[in-house]
Amino acid sequence: MAKKIGVTMEVGNDGVAVITISNPPVNSLASQIISGLKEKFQDANQRSDVKAIVLTGNGGRFSGGFDINVFQQVHKTGDISLMPEVSVDLVCNLMEDSRKPLVAAVEGLALGGGLELAMACHARVAAPKAQLGLPELTLGIIPGFGGTQRLPRLVGLEKGANMILLSKSISSEEGRKLGLIDELVPPGDLLTTSRKWALDIACGRKPFLRSLHRTDKISSLSEARATLMKARQLAKRIAPNMPQHHACIEVIEDGIIHGGYSGVLKEAEVFKQLVLSDTAKALVHVFFAQRATSKVPKVTDVGLKPRPMKKVAVIGGGLMGSGIATALLLSNIRVVLKEINSEYLLKGIKSVEANLKGLVSRGKLTQDKASKAFSLLKGVLDYSEFKDVDMVIEAVIENIQLKQKIFKEIEEVCPPNCILASNTSTIDLNVIGEKTNSKDRIVGAHFFSPAHLMTLLEIVRTENTSAQVILDLMALGKAIKKVPVVVGNCIGFAVNRTFFPYSQAAHMLVNLGVDLFRVDSVITSFGLPLGPFQLGDLAGHGIGIAVKDIYAKAYGDRMFSSPLTELLLKSGRNGKINGRGYYIYEKGSKPKPDLSVLSVVEESRKLTNIMPGGKPISVSDKEIVEMILFPVVNEACRVLDEGVVIRASDLDVASVLGMSFPSYRGGLLFWADTVGPKYIYERLKRLSETYGGFFKPSRYLEERATKGMLLVKSLNFSFQFVMWQENTVFNQIYRQIY
């Protein structure tokens, strides 16, 4: 039976009206709920038998915030009137300015609009471990129900501004210390205590405090301005290309200078402007796109249930293998780590230990949990422990013969239902498994480095992979806090294939005479955390050489061949691995451009000899972005055309989580639609006429451009604005920043 959605009110013999929000699972503030709240508060204020009011949420959760589906509808229609009037009509007039005292009874969570409703109450009583926060900036907007004004007045300007700018939640225990929560009580006492508190306010035994009118935690105007100057510096550092952070500070400042109510009006005006901004459209798209990845036709809709993965074997204890093992251990999954000799095994085990210690040192993990995770690891040199594993993940070097040998061996020693997975980033799975008889159990589990931190998991299926195996791996991915994206089998799969032109375009620009450090600077200014040359340094240039021939065989007609990487390695530069690449890497300091590498670049330019008339080309920053990223969009179009991904938005999520493409641009293809497929097609066509087939537009892009079609179709999924901490995309953004 469907759970009833709405707002109820019960008036007790004590004269307290308890208003309850019911909209499972997190009591999101849909239009129906907001209308219901207005009706109940009007009723409570008019009734003579009501002395005081308590606001709470059904099912152990106060409210997870405003219904994000409304933003999606606004973006589809461009009609801002779809946004309900809440800040003044409900929060100020009916709640905060109510003649009858109002107490919030908070349990579970009060996030976004949920916390804003609680702050409009005249007191807040909470159960332990409730989560409190305003995560709106992760969606490209600012709090819109008065949160920019009330939170700084309740917890202090510096703390309040930082909580909003960083979308940082706090516990109700911390909220109590800061003054956001007035009393902490056990869940069983929550309503009783809240009713009593409301009556105490009504009888004058406790103060009748309106948050918007408080100034005791704001300090002097000069001190407030100094605090906001620090906030602006923080915003400039963490969000240089996003408008909502700076807009939020302006709104906070307006309220401090002109008063809280003026700040509320300013907030409502700016909120509506930001809802229609490109940034909000992009971030809301990514939010829905991430959730859409969990829907895989003929896998998640055919009644199958995932099997538990209690014991997983990882073959290879190098960078990837140890990272994968760490990710599994952190989710209480027993891991068998196999290596070829004792020296490599010890190194792999120490890498896992170092990963766990790193998490502890950064405050991401307690020492007890790290010790428990490490105790679940067993290192082996043979297959004796493989007889009862649920899955094997092969993570050895990209060598076809070695992988084929391993898959033949594990097929013989593992249970008949064991999943046989490879972490290959490049090689065709059909080739890896061609010597086995278990092709329905073979699947790609492509993690991104470092595997215990990066959140994307590419699940690569062949035409033979069973739906059960795909579902099992999806469930495992979610269990270890990854975002699984199911893709088809081809060289490079979805992400690496889409982005292989990225470094090649950068190499072409450098061989055309453009400064490599300028290229990196332009790309990081665009929003990627690393430019193509520093990214190459980080990965190690040997990897590029190892897979070059594989890509050339598959996509040679559209590749740019440059000797630069070979020359770099020849000069003893393998990137961060040995401390020198395009940059110099010294422990404890940031990478520094190595100007001595320019002699290597000059040698490459002489060998390629593509500079027009032997002179460097002149390009703007905009042209650099286009010459590097438009070929990536072009390859993404081929990936779409071949059906490698289920939907275009999957590639947006994968580009954000796997390649750190800026989420505030909506992912690769959403950004391409913002720029315009027609413009990209025409620009690539002109570039191909000048520089050759590397830039030749794909058939799919040409078709979309000439028909005036977008690359990404609208998503029609409906979700509640669930706990924002679960939104992996935004978690990754803030991990990258800090």
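Residues numbered from 1 in each chain as written. Predicted model: local features only at pLDDT ≥ 70, side-chain atom pairs only at ≥ 80, totals over all residues. Heavy atoms only, no water.

A. Here's a closer look at unusual backbone geometry. Residues Pro24 and Pro25 are joined by a peptide bond in cis, for which omega reads 5°. Considering the arrangement of structural elements, one finds Pro25 in the loop between strand E2 (16-22) and helix H1 (31-46). Following Ser449, the chain continues to Pro450 via a peptide bond in cis, the omega torsion being -5°. As for its placement among the helices and strands, Pro450 is situated in the loop between strand E15 (442-447) and strand E16 (456-461). Phi is positive for Lys129, close to 65°, though the residue is something other than glycine. Mapped onto the elements of the fold, Lys129 is located in the loop between strand E6 (123-126) and strand E7 (131-133). A positive phi angle is found at Ser660, which is not glycine, with a value near 60°. With respect to the helices, strands and loops of the structure, Ser660 is situated in the loop between helix H26 (648-659) and helix H27 (668-675). (Helix = DSSP H or I, 4+ residues; strand = E, 2+ residues; numbered from the N terminus.)

B. Just the UniProt feature "domain: 3-hydroxyacyl-CoA dehydrogenase NAD binding" (unreviewed entry) in the chain, in detail. UniProt marks residues 311-489 with the feature "domain: 3-hydroxyacyl-CoA dehydrogenase NAD binding" (unreviewed entry), using the numbering shown here. When the span residues 311-489 is considered, its composition is 40% helix and 22% strand, and the gap between its end C-alpha atoms is 26 Å. (UniProt positions renumbered as here; feature names shortened; annotations may be inferred.)

C. Highlighting the sheet that holds strand E13 (residues 391-394). Spatial strand order, E12-E11-E10-E13-E14-E15-E16-E17: 8 strands in an open sheet with mixed pairing. Taken across any chain shown, the strands that pair with only one partner, and hence form the sheet edges, are strand E12 (377-380) and strand E17 (483-488). Neighbour-to-neighbour, the strand axes of the sheet open up by a mean angle of 25°, direction not taken into account. Those strands touched by helix H14 (residues 342-361) are strand E11 (334-338) and E12, and its axis lies near 165° from that of E12. (Pairing = 2+ DSSP bridges. Axes fitted to C-alpha atoms, helices over the stretch in contact; angles between N-to-C directions. Contact = heavy atoms within 4.5 Å.)

D. Layout of the environment of Leu564. Along the chain, the position of Leu564 falls in helix H23 (residues 564-570). Overall, Leu564 belongs to the buried group, its relative accessible area being 0%. Between the C-alpha atoms of Leu564 and Glu603, which are 39 residues apart in sequence, the distance is 8.2 Å. Contacts of Leu564, omitting those with residues within four sequence positions, involve His507, Val510, Phe533, Tyr582, Val600, Val601 and Ser604. (Buried < 20%, exposed > 50% of the residue type's maximum accessible area, 1.4 Å probe, protein only.)

E. Up close: the pattern of salt bridges. For the structure on display, the rule yields 40 salt bridges. When the shortest N-O distance is used, the salt bridge between Lys378 and Glu385 registers 2.7 Å. The exposure class assigned to Lys378 is partly exposed, which follows from its relative accessible area of 42%. Note on Glu385: relative accessible area 18%, which makes it buried. Look at the salt bridges and you will find they share partners, linking Arg497, Asp557, Arg558, Glu635, Arg638 and Glu642 into a network. (Salt bridge = Lys/Arg side-chain N within 4 Å of Asp/Glu carboxyl O.)

F. Focus on the pairing of E17. Where burial is concerned, most of E17 is hidden: 6 out of the 6 residues are buried. Burial of the side chains of E17 extends over both faces: Val483, Val485 and Val487 are buried on one face and Pro484, Val486 and Gly488 on the other. With 6 bridges joining them, E16 and E17 adopt parallel strand pairing. The residue bridging Ile459 from the neighbouring strand is Val486, located in E17. What joins E16 to E17 is helix H18 (residues 467-479), and the crossover it makes is right-handed. (Right-handed = clockwise from strand over helix to strand, strands pointing away.)

G. Representation of the nonpolar core in the model. In terms of nonpolar packing, the biggest core is built from 102 residues, with Phe386, Val392, Ile410 and Ile628 touching the most fellow members. When residues in this core are grouped by element, the largest group, 12 residues, is from helix H25 (residues 621-641). Judged by nonpolar contacts, the second largest core, of 82 residues, contains Val74, Leu94, Met163 and Ile256. (Core = buried A, V, L, I, M, F, W, Y, C linked by side-chain atoms within 4.5 Å.)

H. A look at the side chain of Ser422. Checked against the element boundaries, Ser422 lands in strand E14 (residues 419-422). Among the polar contacts listed, one links the side chain of Ser422 to the backbone nitrogen of Thr424, at a separation of 3.1 Å. (Polar contact = N/O pair within 3.5 Å; in protein donor to acceptor, adjacent residues only side chain to side chain.)

I. View of the UniProt feature "domain: 3-hydroxyacyl-CoA dehydrogenase C-terminal" (unreviewed entry) in the chain. What UniProt calls "domain: 3-hydroxyacyl-CoA dehydrogenase C-terminal" (unreviewed entry) maps, in this numbering, to residues 492-585. For residues 492-585, helix accounts for 62% and strand for 2%, while the C-alpha atoms at its two ends are 29 Å apart.

J. Quick peek at the packing of aromatic side chains. Tallied over the entire structure, the rule returns 18 aromatic pairs. Seen in terms of ring centroids, Phe500 and Tyr555 are 5.3 Å apart; in terms of plane orientation they differ by 10°. Their pairing is stacked. Within this pair, whereas Phe500 is found in helix H19 (residues 495-511), its partner Tyr555 is found in helix H22 (residues 541-555), the two being separated by 55 residues in sequence. With respect to class, Phe500 is no different from Tyr555; both count as buried. (Phe/Tyr/Trp six-rings, centres within 6.5 Å; stacked < 30°, edge-to-face > 60°.)

K. Representation of empty space enclosed by the protein. According to the stated counting rule, one finds 4 cavities of 30 Å³ or more in the structure shown. As a volume, the largest cavity reaches approximately 90 Å³. Phe66, Phe71, Glu136, Ile141 and Phe271 are, among the 12 residues lining the largest cavity, the residues nearest its centre. (1 Å grid on protein atoms, 1.4 Å probe; cavity = no way out; pocket = protein on both sides within 12 Å on 5 of 7 lines; lining within 4 Å. Points joined across faces, edges and corners; volume = space filled by probe spheres on them.)

L. Highlighting helix H20 (residues 516-526). Within H20 the residues assigned to the buried category are Leu516, Phe517, Val519, Asp520, Val522, Ile523 and Phe526. Structurally, the start of H20 carries an N-cap: the backbone nitrogen of Phe517 is 3.3 Å from a side-chain oxygen of Asp515. Once H20 finishes, Gly527 follows within two positions and takes phi at roughly 135°, a positive value.

M. The sheet that holds strand E3 (residues 52-57), seen in detail. With mixed pairing, the 6 strands of this open sheet are ordered in space as E1-E2-E3-E4-E6-E9. Both outer strands of the open sheet, strand E1 (6-11) and strand E9 (183-184), are each paired with one neighbouring strand and no more. Bridge count for E1 against E2 is 6 bridges, and the pairing is antiparallel. Bridge pairing in E2 places Glu10 opposite Val18. The strands touched by H1 within the sheet are E1, E2, E3 and strand E4 (102-106), with E1 carrying the most contacts at an inclination of about 20°.

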